[in-house]
Amino acid sequence: MADLLLLLCGAILVNNVVLTQYLGLCPFMGAGGRLETAFWMAALTTFVLTLSAAINYVIYRYLLLPFDLVFLRLIVFIFVIATIVSFSDLLLRKIAPLPHKMLGIFLPLSASNSLILGVALLNGEQANSFIAAIFYSVGAAAGFSLAIVLFAALRERLVMNAVPVPFQGAAISLVTAGLMALAFMGFAGLG
Amino acid sequence: MTATATLNFNSCRDKLALTPLLGLCPLLAVSNSAISALTLGLCTLSVLLGSSFCISLLRNRFTPALRLPAYMLIIASFTSCAEFLLQAYSYALAERLGLFLPLIVSNCLILGHAESFASKTPPLHALRDALGLGLSFILVLLVLGMLREALGSGRLFTNMDLLLPFATNWEFICFNSPPFPLALTPSGAFLLLAFLIAFKNYFDQRPAQHQPAPEPEPAGSKRVRVTGQV
């Protein structure tokens, strides 16, 4: 149990997937402009990531490995993720039309979110049990949510500041992310 | 930033401006040395060319609902091929890129090009545009990779012979001690890319100041569409 909790904390803070492993940067930069959008993006990613990681791990462990089909893993994983993203698109449109509109293009683009695919690939290589895979996925999702919500809060404050003209737009967002990454490096001592 | 539906991939300047933002994950992840940057750039270019060509050939056969999953499957197939080819060519290099070699699939650049360009134009045209886009991605990747390697480790072109067999003694030492070790960490990657973009913005904006101001348009000559979204 202690191992699993360590895995969870490690994935959230020490090896934060976004800020130390460069995964999921596309939605992080794209949807992290407003706090409300960031919340919904975090919720959506958590749902898709956990569900797809569980399904992908079962497929990898009990179908691809025994039949020696590991070379197909990329295609199978992408297929599962795209299906779950389409499903959550329909679900969100039905139960919460406003957030669905707010997320816009980022919802279908979740299918190509490197975090979701990256966690599926990492689980296949490293996780030694189903429970460990689930814990790592939840930790990665929580790490992503933490990073994107903090980032969106910072960027909402930035709107009110006078940023030098060449830095306006993408550059100042990258500087913000860089400083956040610097802060997260401090957690490395915990590991 | 990732609004693929509204992108215009035509001019070269647009491409250079877009690539850092669309291909952000691989750009920051593998740009810690020139060799990783160049290898991933070449792999991405080949996947981009192959998938653009295929999607453009099949562009009239996709139904709107199944479009995205179909693109993803085509891109995933080409990425698998690129992964195996690189593993066969140099396993050490494939190990070095690690997770980011299969993650070429999730590069928004490729999906964005498929969605906004390849699905609307004939194959040769799409191929030409994909070549331009891929080369500008390699350029940005290589510049950032060289910068990070030189500043973070003090030497340049280490292990170039993994990719190019003739490049055995290309390594040279720029600084005796690394001047900015932070450049090799994720934080340094974000900051250096931010400064590169700001640098480019600065030079883009400068000539505009020297030109005479454009004549004001007569009022009411242009219709502006108001969408309510900002």
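So, here is what we can say about the structure in this document. All values derive from a computational prediction rather than experimental measurement. (Residues numbered from 1 in each chain as written. Chains lettered and ligands numbered in written order. Predicted model: local features only at pLDDT ≥ 70, side-chain atom pairs only at ≥ 80, totals over all residues. Heavy atoms only, no water.)

1. Remarks on the overall build of chain A
Per the secondary structure count, chain A includes 9 helices and 0 strands. Within chain A, counting contacts between residues at least 6 apart in sequence, those at least 24 apart form 78% of the total. By element, 72% of the accessible surface of chain A is carried by carbon and sulfur atoms, the whole surface being about 8,500 Å². (Helix = DSSP H or I, 4+ residues; strand = E, 2+ residues; numbered from the N terminus. Contact = heavy atoms within 4.5 Å. Areas by Shrake-Rupley, 256 points an atom, 1.4 Å probe, with all protein chains shown as cover.)

2. Side note on the overall build of chain B
Scanning chain B from terminus to terminus reveals 8 helices and 2 strands. Going residue by residue from the N terminus, the α and β elements of chain B occur as α-α-α-α-α-α-α-β-β-α. The buried share of chain B, reckoned over its 230 residues, is 48%. Residue pairs at least 24 apart in sequence account for 73% of intrachain contacts in chain B once pairs closer than 6 positions are excluded. As presented, chain B carries roughly 11,600 Å² of accessible surface, and 63% of it is formed by carbon and sulfur atoms. (Buried < 20%, exposed > 50% of the residue type's maximum accessible area, 1.4 Å probe, protein only.)

3. As for the environment of Leu193(B)
Within the element layout of this structure, Leu193(B) appears in helix H8 (residues 186-210). Between the alpha carbons of Leu193(B) and Leu28(B) there is a distance of 8.1 Å; along the sequence they are 165 residues apart. When residues no more than four places from it in sequence are discounted, the contact partners of Leu193(B) are Leu174(A), Pro20(B), Leu24(B), Leu27(B), Leu28(B) and Leu144(B).

4. Digging into the environment of Phe137(B)
Residue and element names in this part refer to chain B. Counting through the fold element by element, Phe 137 comes out in helix H7 (residues 123-153). For the pair Phe 137 and Leu 22, spaced 115 residues apart in sequence, the C-alpha to C-alpha distance is 9.8 Å. Apart from the residues within four sequence positions on either side, Phe 137 is in contact with Thr 19, Gly 23, Pro 26, Thr 44, Asn 107 and Leu 109.

5. Concerning unusual backbone geometry
For residues other than glycine, phi is negative in most cases, and the peptide bonds are mostly trans. All names here are of chain B. Even without a glycine there, the phi angle at Phe 157 is positive, about 60°. Inspection of the secondary structure puts Phe 157 in the loop between strand S1 (155-156) and strand S2 (172-173). Here Phe 157 falls in the buried class, since its relative accessible area comes to 18%. Of note, Asn 159 is a non-glycine position whose phi angle comes to about 60°, a positive value. Mapped onto the secondary structure, Asn 159 falls in the loop between S1 and S2. By relative accessible area, Asn 159 is classed as partly exposed at 35%.

6. A closer look at the pattern of salt bridges
Any two side chains of opposite charge can pair, so long as their charged atoms come close to each other. Residues and elements named next belong to chain B. Taken as a whole and judged by the stated rule, the model has 6 salt bridges over all chains. We note a salt bridge from Glu 115 to Arg 67, for which the minimum N-O separation is 2.9 Å. Here Glu 115 is found in helix H6 (residues 108-118), whereas its partner Arg 67 is found in helix H4 (residues 67-89), with 48 residues between them in sequence. For Arg 67, a relative accessible area of 26% gives the class partly exposed. Here Lys 200 ties to Asp 204 by a salt bridge, and the two come within 2.7 Å at their closest N and O atoms. Residue Lys 200 and its partner Asp 204 are located together in helix H8, separated by 4 residues, close to a single helical turn. Classification of Lys 200 by relative accessible area gives partly exposed; the value is 28%. (Salt bridge = Lys/Arg side-chain N within 4 Å of Asp/Glu carboxyl O.)

7. Observations concerning H4(B)
The first and last C-alpha atoms of H4(B) sit 33 Å apart over 23 residues, in line with the 33 Å expected at 1.5 Å per residue. Buried residues of H4(B): Ala70(B), Tyr71(B), Met72(B), Ile74(B), Ile75(B), Ala76(B), Thr79(B), Ser80(B), Ala82(B), Glu83(B) and Leu86(B), and no others. Close packing links the buried residues of H4(B) with helix H4 (73-95) of chain A together with helix H3 (34-57), helix H5 (91-97) and H6 of chain B. (Expected span 1.5 Å × (residues − 1).)

8. Some remarks on the nonpolar core
Among the nonpolar cores identified, the biggest contains 125 residues, and Leu19(A), Leu25(A), Phe28(A), Leu117(A) and Leu28(B) are the most heavily contacted of them. When near neighbours in sequence (up to four residues on either side) are disregarded, Leu28(B) contacts Tyr22(A), Leu25(A), Leu144(B), Arg148(B), Ala189(B), Phe190(B) and Leu193(B). (Core = buried A, V, L, I, M, F, W, Y, C linked by side-chain atoms within 4.5 Å.)

9. A few points about the packing of H4(A) against helix H7 (residues 114-126) of chain A
Residues and elements named next belong to chain A. Closest axis-to-axis distance for the H4/H7 pair is 10 Å, and the angle between their directions is 130°. Viewed along their axes, H4 and H7 adopt a mutual orientation that is oblique. In the crossing of H4 with H7, the sense of the turn from one axis to the other is right-handed. Contacts from Arg 73, Leu 74, Phe 77, Ile 78 and Ile 81 in H4 reach Ile 116, Leu 117, Ala 120 and Leu 121 in H7. A class-by-class count of the residues in the contact of H4 with H7 yields 8 nonpolar, no polar and 1 charged. (Axes fitted to C-alpha atoms, helices over the stretch in contact; angles between N-to-C directions. Parallel < 35°, antiparallel > 145°, perpendicular 65-115°, else oblique. Left-handed = near helix turned anticlockwise from the far one by under 90°. Nonpolar A, V, L, I, M, F, W, Y, C, P; charged D, E, K, R; others polar.)

10. Some points on the state of the cysteines
Scanning all chains against the criterion turns up 0 disulfides over all chains. We note that Cys81(B) lacks a disulfide partner, and the nearest cysteine sulfur, in Cys54(B), lies 10.0 Å from it. (Disulfide = S-S within 2.5 Å.)

11. Quick notes on the interface of chain B and chain A
In this complex, chain B contributes 45 residues to the contact, which on the side of chain A involves 42 residues. Both sides together, the interface formed by chain B and chain A hides about 3,700 Å², and carbon and sulfur atoms give 81% of it. Summed over the shared surface of chain B and chain A, the number is 1 salt bridge. The shortest N-O distance in the salt bridge between Arg73(A) and Glu83(B) comes to 3.1 Å. Across the chain B-chain A interface, the total number found is 4 residue pairs in polar contact (both at pLDDT 80 or more). For the side of chain B that touches chain A, the elements supplying multiple residues, two or more each, are helix H1 (12-22), helix H2 (24-29), H4, H6 and H8 of chain B. Ranked by the residues each element gives to the side of chain B that touches chain A, the list is headed by H8(B), at 13 residues. A breakdown of the residues in the side of chain B that touches chain A according to their chemical character gives 33 nonpolar, 10 polar and 2 charged. (Buried area = accessible area lost by both parts, 1.4 Å probe. Polar contact = N/O pair within 3.5 Å; in protein donor to acceptor, adjacent residues only side chain to side chain.)

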